[in-house]
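Breakdown of the fold
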Amino acid sequence: MAIDKFVTIESSAVPLPIENVDTDQIIPARFLKATTREGFGENLFRDWRYDKENNPKPDFVLNQNVYSGTILVAGKNFGSGSSREHAAWAIHDYGFKVVVSSFFADIFKNNSLNNGLLPVQVSEGFLQKLFNAIDGDPETKIKVDLENQQITLLATGESESFEINTYKKECLINGYDDIDYLISIKDKIEAFEQSRA
């Protein structure tokens, strides 16, 4: 399955200043029965978004119209817990293209990269600057430049670089999943095979 090509994003952001958000909080286990990636967004943070009668909880950030955008800014240690790929599916299906945190669980990070969702790990100090800026102005814009591996708070110009696996970066920029990547280098593979014959 090809993914959308990742282009530089300038967007407002949704703040989730909660630490140790695990994958069961991102997408509860009872919603994991589907086998396709579509439709998981409606149950993103389900138990935080809705009460037992399925009424939206007005104090939860996704239910507040003041916040919007394709960037989720989350607290430290995001995506811990079980290795369910559905967590990345739910975040992406909801409409987020980027998740920013000061630390990600490794399996969540890899699942995100495999599904077109960019996890941007920043310092705790820069993360706090993002939270403060969003708190001061919910429409504040953040720029995420994957090509140059930079995240910038546009209001102040403050920026920080972030790390990403070179192979995964190439896949995101070109909209490749692993199969697409292999197809893109088919000529090189065939040439190598010929040289070994």
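The rules behind the values
Residues numbered from 1 in each chain as written. Predicted model: local features only at pLDDT ≥ 70, side-chain atom pairs only at ≥ 80, totals over all residues. Heavy atoms only, no water. Helix = DSSP H or I, 4+ residues; strand = E, 2+ residues; numbered from the N terminus. Buried < 20%, exposed > 50% of the residue type's maximum accessible area, 1.4 Å probe, protein only. Areas by Shrake-Rupley, 256 points an atom, 1.4 Å probe, with all protein chains shown as cover. Pairing = 2+ DSSP bridges. Axes fitted to C-alpha atoms, helices over the stretch in contact; angles between N-to-C directions. Contact = heavy atoms within 4.5 Å. Core = buried A, V, L, I, M, F, W, Y, C linked by side-chain atoms within 4.5 Å. Right-handed = clockwise from strand over helix to strand, strands pointing away.

1. Quick notes on the overall build of the protein
- Scanning the protein from terminus to terminus reveals eight helices and eight strands.
- Per-residue burial for the protein yields a buried fraction of 44% across its 197 residues.
- A total of about 10,500 Å² of accessible surface is found on the protein, and carbon and sulfur atoms cover 47% of it.

2. Some thoughts on helix H4 (residues 106–114)
- When H4 is considered as a whole, its buried residues turn out to be Phe108, Asn111, Ser112 and Leu113.
- Just past H4, the residue Gly116 takes up positive phi, approximately 80°.

3. Here's the deal with the sheet that holds strand E8 (residues 158–161)
- With antiparallel pairing, the four strands of this open sheet are ordered in space as E1-E6-E7-E8. The two strands at the open ends of the sheet, each matched to only one other strand, are strand E1 (9–11) and E8. Strand-to-strand twist across the sheet, computed as the mean angle between neighbouring axes with direction ignored, equals 15°.
- Bridge analysis of strand E6 (residues 142–145) against strand E7 (residues 150–153) gives four bridges, and the strand direction is antiparallel. Paired with Ile142 across the strands is Leu153, a residue of E7.
- Here helix H5 (residues 124–136) sits on the sheet in contact with E6, E7 and E8, set at roughly 35° to E7.

4. A word on the pairing of E8
- Relative to E8, E7 is paired through four bridges, and the arrangement is antiparallel. Of the residues in E8, the one forming a bridge with Thr152 is Ser159.
- Hairpin remark: E7 followed by E8, antiparallel, with four residues in the connecting loop; positive phi at Gly157, about 80°.

5. A word on the nonpolar core
- Core analysis: the biggest nonpolar cluster contains 52 residues, and Phe78 and Leu118 have the highest contact counts within it.
- The biggest single contributor to this core is H5, with six residues.

6. Quick look at the pairing of strand E4 (residues 98–101)
- The side-chain alternation of E4 yields two buried faces, one formed by Val98 and Val100 and the other by Val99 and Ser101.
- In this sheet, E4 lies alongside strand E3 (residues 71–74) in parallel orientation, the contact comprising three bridges. By the bridge assignment, Val73 is partnered in E4 with Val100.
- Sheet topology note: the E4/strand E5 (residues 118–121) ladder contains four bridges and is parallel. Note on E5: the bridge partner recorded for Val98 is Leu118.
- Where the polypeptide runs from E4 across H4 and back to E5, its parallel neighbour, the crossover connection is right-handed.

This is a description of form; function is not addressed.
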